[in-house]
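Descriptive structure summary
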There are 2 protein chains.
Amino acid sequence: MRARLSLNQWTTRHWTMPEAIDGCARAGIPAIGIWREPLQAFGLSATLRRVRDAGLRVSSLCRGGFFTTSDPLARREALADNRRAIDEAAQLGAPCLALVVGGLPAGDRDLPGARRRVVDALAELEPHAAAAGICLALEPLHPMYCADRAVISTLAQALDIAESFPVEQVGVIVDTFHVWWDPDVFHQIARAAGRIASFQVSDWLVPVPSDLLLARGLMGDGIIDFPPLCRAVSATGYRGDIEIEIFNAALWSRPGDEIVASVVNRFEQHIVKATEDEDPRS
Amino acid sequence: MRARLSLNQWTTRHWTMPEAIDGCARAGIPAIGIWREPLQAFGLSATLRRVRDAGLRVSSLCRGGFFTTSDPLARREALADNRRAIDEAAQLGAPCLALVVGGLPAGDRDLPGARRRVVDALAELEPHAAAAGICLALEPLHPMYCADRAVISTLAQALDIAESFPVEQVGVIVDTFHVWWDPDVFHQIARAAGRIASFQVSDWLVPVPSDLLLARGLMGDGIIDFPPLCRAVSATGYRGDIEIEIFNAALWSRPGDEIVASVVNRFEQHIVKATEDEDPRS
């Protein structure tokens, strides 16, 4: 029932790396999406050892990107940091590095320019990703984050960019929270066949919480109709992990084991059934 | 310089109808976008008389729509109310009725169903609009409002719907606040040639204010690059009014004449030049 479930560790924001790894193991969650901040705090080799001891997979490393700056020095630093992130992902055995590409630089209104710099950065990083065997996973973020987080706003736009690179090196992330509203979403998910690097799941709450960065809900607490989206992703042939990534201060304030129990429960209730319909292995 | 400027009266939220009309006249603003709530409070014939005495045009009536309900009775009431709004727009001499189509009904997750009901409602209202000589102006709202305000989220989607109706009866509103982020916006504006019923302008603030319904800024206070959008709209041949519609509590708290002076100033600074480039009449 939970063979494809991955806990993105930001869902249990206040757990340390070992707490998150052990928590997944206790709950029978087979995979974890790892963030770089707790990775740095606990150390890469310690993390890797603990992940292996717990018998987990690493479903993704979060996150690279933030390369829309037009300042040459800052840009070089961003690319160097992304290369380090690619190496970390490879050492962890993660299939992909999730990219939040960055918003408009401060004082800059040139959106097409910022978008061009994303393409340029991917072109520079792709050989390094190829050598490391890592897929750069472009994440279109909801358009409300376009100015300050990610100038890639739709799956169509992410695919337009990704398609000029080899499918092994540049993919896309389908995240229900970011794409549910898109009138073209089913067509674009079908088009993404073979390019889906990660499938992430959380719900859209109504009303939208005042802190937009912490606005996500557990599946079932909001208005997203998950079964059609899950079926569409399954129909592309995607059989990878399904990551639960929920940024929500109220959720974070609960004990980690309670959060994980809710994640498992909502995953089985809202996601598994729709996914199994299309997945002959289940 | 301000021949095409229209003050959407919600920009001076705390002014009554006669205050807004007189305020436009004092500031040399030739057109006003009227809202139904103050229209009802002041009365239609009193409003019409005052608008004529002030020598103003009515650029739009705001707003109809809100017809995504699946309850038959509520739906009949919504359609009846929209017919009344069409009649009011005609009596005011407004070219169009702005439609905010409505979000998902409470407890409903069927987004495609809600979107179908929008198309159905337009089909029911179109003969009435034709008889009244009013264009129903579909307003795509920013995707962050999809769940609770408007299930029409992009210009492409609005045009897909509008194009099955006569161009005189169903048009679209291009509002910079709602469409600036769209990677496809220039293509879709070009496609909208002949269908642009209204062009509305306000800015996207960073960070996004916590009340999403009051998140708009005066042109220049945010990150929207207005000249390319203005040129694109002008290039379609649109020569109608340019409405300034800003929902912002801090702005509203200022005296009305101050708000209007800022609107005129920012319009001349950020909008006029870009529009004149394409407009041989200017």
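Residues numbered from 1 in each chain as written. Chains lettered and ligands numbered in written order. Predicted model: local features only at pLDDT ≥ 70, side-chain atom pairs only at ≥ 80, totals over all residues. Heavy atoms only, no water.

So, on to the overall build of chain A. Across its full length, chain A holds 11 helices and 10 strands. Over its C-alpha trace chain A gives a radius of gyration of 18 Å, about what one expects of a compact globule, namely 19 Å for 282 residues. By principal-axis analysis of the C-alpha atoms, chain A measures approximately 45 × 45 × 40 Å. A total of 282 residues make up chain A; the buried ones form 60% of that total. In chain A, once contacts between residues fewer than 6 apart in sequence are set aside, the share between residues at least 24 apart is 79%. If you sum the accessible surface of chain A, you get close to 10,300 Å²; carbon and sulfur atoms cover 51% of it. Averaging the positions of the 28 positive and the 36 negative side-chain charges in chain A gives two centres separated by 2 Å. (Helix = DSSP H or I, 4+ residues; strand = E, 2+ residues; numbered from the N terminus. Rg over C-alpha atoms; globule rule 2.2 N^0.38 Å. Buried < 20%, exposed > 50% of the residue type's maximum accessible area, 1.4 Å probe, protein only. Contact = heavy atoms within 4.5 Å. Areas by Shrake-Rupley, 256 points an atom, 1.4 Å probe, with all protein chains shown as cover. Lys, Arg positive; Asp, Glu negative; His and termini not counted. Charge placed at Lys NZ, Arg CZ, Asp CG, Glu CD.)

Glancing now at the layout of surface pockets. Within this model, the largest pocket holds a volume of roughly 740 Å³. Forming the boundary of the largest pocket are 34 residues, of which A:Thr154, B:Asp182, B:Pro183, B:Asp184 and B:Val185 lie nearest the centre. Looking at the lining of the largest pocket, the elements with two or more residues in it are α5 (111-132), α6 (155-162) and α8 (185-191) of chain A together with α6 (155-162), α8 (185-191) and α9 (226-235) of chain B. Looking at the lining of the largest pocket, the element that brings in the most residues is α5(A), giving five residues. Here the residues of the lining of the largest pocket sort into 17 nonpolar, five polar and 12 charged. Counted as a void, the second largest pocket has a volume near 300 Å³. The wall of the second largest pocket is formed by 15 residues, among which A:Arg36, A:Glu37, A:Gln40, A:Asp81 and A:Glu88 lie closest to the centre. At the level of secondary structure, the elements contributing two or more residues to the lining of the second largest pocket comprise α2 (36-42), β3 (57-65) and α4 (72-92) of chain A. In terms of residue class, the lining of the second largest pocket is built from five nonpolar, five polar and five charged. (1 Å grid on protein atoms, 1.4 Å probe; cavity = no way out; pocket = protein on both sides within 12 Å on 5 of 7 lines; lining within 4 Å. Points joined across faces, edges and corners; volume = space filled by probe spheres on them. Nonpolar A, V, L, I, M, F, W, Y, C, P; charged D, E, K, R; others polar.)

With that settled, the discussion passes to helix α9 (residues 226-235) of chain A. By the burial criterion, the buried members of α9(A) are A:Phe226, A:Leu229, A:Cys230, A:Ala232, A:Val233 and A:Ser234. One or two residues past the end of α9(A) sits A:Gly237, with phi positive at roughly 100 degrees.

With that settled, the discussion passes to the pattern of salt bridges. Inspection of the entire model under this criterion finds 30 salt bridges over all chains. A salt bridge links A:Arg117 to A:Asp108, with the shortest nitrogen-to-oxygen separation between them at 3.6 Å. Both residues of the pair, A:Arg117 and A:Asp108, belong to the buried class. Close ionic contact of B:Asp221 with B:Arg266 constitutes a salt bridge, the shortest N to O distance being 2.9 Å. Within this pair, whereas B:Asp221 is found in the loop between β9 (216-217) and α9, its partner B:Arg266 is found in helix α11 (residues 256-276), the two being separated by 45 residues in sequence. For B:Asp221, a relative accessible area of 44% puts it in the partly exposed group. One salt-bridge network, in which partners are shared between bridges, spans A:Arg36, A:Asp81, A:Arg84 and A:Glu88. (Salt bridge = Lys/Arg side-chain N within 4 Å of Asp/Glu carboxyl O.)

All names here are of chain B. Read around the closed barrel, the eight strands follow the order β1-β2-β3-β4-β5-β6-β7-β10; overall the barrel is parallel. Strand after strand, the sheet turns through a mean of 30 degrees between neighbouring axes, direction not considered. Relative to strand β2 (residues 31-35), strand β1 (residues 5-8) runs parallel, the two sharing three bridges. Pairing of Leu7 across the sheet is with Ile32, part of β2. Along the sheet, helix α4 (residues 72-92) makes contact with β2, β3 (57-65), β4 (96-100) and β5 (135-138), crossing β3 at roughly 180 degrees. (Pairing = 2+ DSSP bridges. Axes fitted to C-alpha atoms, helices over the stretch in contact; angles between N-to-C directions.)

It is worth spelling out the side chain of B:Arg216 at this point. All names here are of chain B. In this fold, Arg216 is placed in strand β9. You can call Arg216 buried: its relative accessible area is 5%. In terms of polar contacts, Arg216 uses its side chain to reach the side chain of Asp175, at 3.4 Å. In contact with Arg216, not counting residues within four places along its chain, are Asp175, Phe177, His178, Ser202, Asp203, Leu205, Glu245, Ile246, Phe247 and Asn248. (Polar contact = N/O pair within 3.5 Å; in protein donor to acceptor, adjacent residues only side chain to side chain.)

The next subject is the sheet that holds strand β7 (residues 196-201) of chain A. Residue and element names in this part refer to chain A. Ordered in space as β1-β2-β3-β4-β5-β6-β7-β10, the eight strands form a closed barrel in which the pairing is parallel. Looking at each pair of strands side by side, their axes are set apart by 30 degrees on average, direction ignored. Where α5 meets the sheet, its contacts fall on β4 (96-100), β5 (135-138) and β6 (170-175), and the angle it forms with β5 comes to roughly 155 degrees. Taken strand by strand, α6 contacts β5 and β6, and its axis lies near 170 degrees from that of β6.

A separate point is the relation of the copies chain B and chain A. Aligned on chain A, chain B shows an RMSD of 0.0 Å; the corresponding rotation is 180 degrees and the shift along the axis is 0.0 Å. Seen this way, the second copy is the image of the first under a two-fold rotation axis. Of every C-alpha in chain B, the one belonging to B:Ser210 sits nearest the axis of rotation, 2.3 Å from it. Interface overlap between copies: 100% of the residues of chain B at the interface are likewise at the interface in chain A, consistent with a symmetric, same-surface contact. (Least-squares fit on C-alpha atoms with pLDDT ≥ 70 in both.)

Turning to the interface of chain B and chain A, a few remarks are in order. With 27 residues of chain B at the contact, the number on the chain A side is 27 residues. Taken over both partners, the interface formed by chain B and chain A buries close to 2,200 Å², and the fraction arising from carbon and sulfur atoms is 68%. Here chain B is connected to chain A by zero salt bridges. Applying the counting rule to chain B against chain A returns eight residue pairs in polar contact (both at pLDDT 80 or more). (Buried area = accessible area lost by both parts, 1.4 Å probe.)

The next point concerns the packing of helix α3 (residues 44-53) of chain A against α4(A). Residue and element names in this part refer to chain A. Two elements in contact, α3 and α4, have axes separated by 10 Å at closest approach and are oriented at 30 degrees. Taken together, the axes of α3 and α4 are roughly parallel relative to one another. The way α3 lies across α4 gives a crossing that is right-handed. Every residue of α4 that contacts α3 at Leu44, Thr47 and Leu48 is listed here: Glu88, Gln91 and Leu92. (Parallel < 35°, antiparallel > 145°, perpendicular 65-115°, else oblique. Left-handed = near helix turned anticlockwise from the far one by under 90°.)

Here we come to the UniProt feature "domain: Xylose isomerase-like TIM barrel" (unreviewed entry) in chain A. Mapped onto the present numbering, the UniProt feature "domain: Xylose isomerase-like TIM barrel" (unreviewed entry) falls on residues 24-255 of chain A. Helix and strand shares over residues 24-255 of chain A are 42% and 18% respectively, and the end C-alpha atoms of the span are 14 Å apart. (UniProt positions renumbered as here; feature names shortened; annotations may be inferred.)

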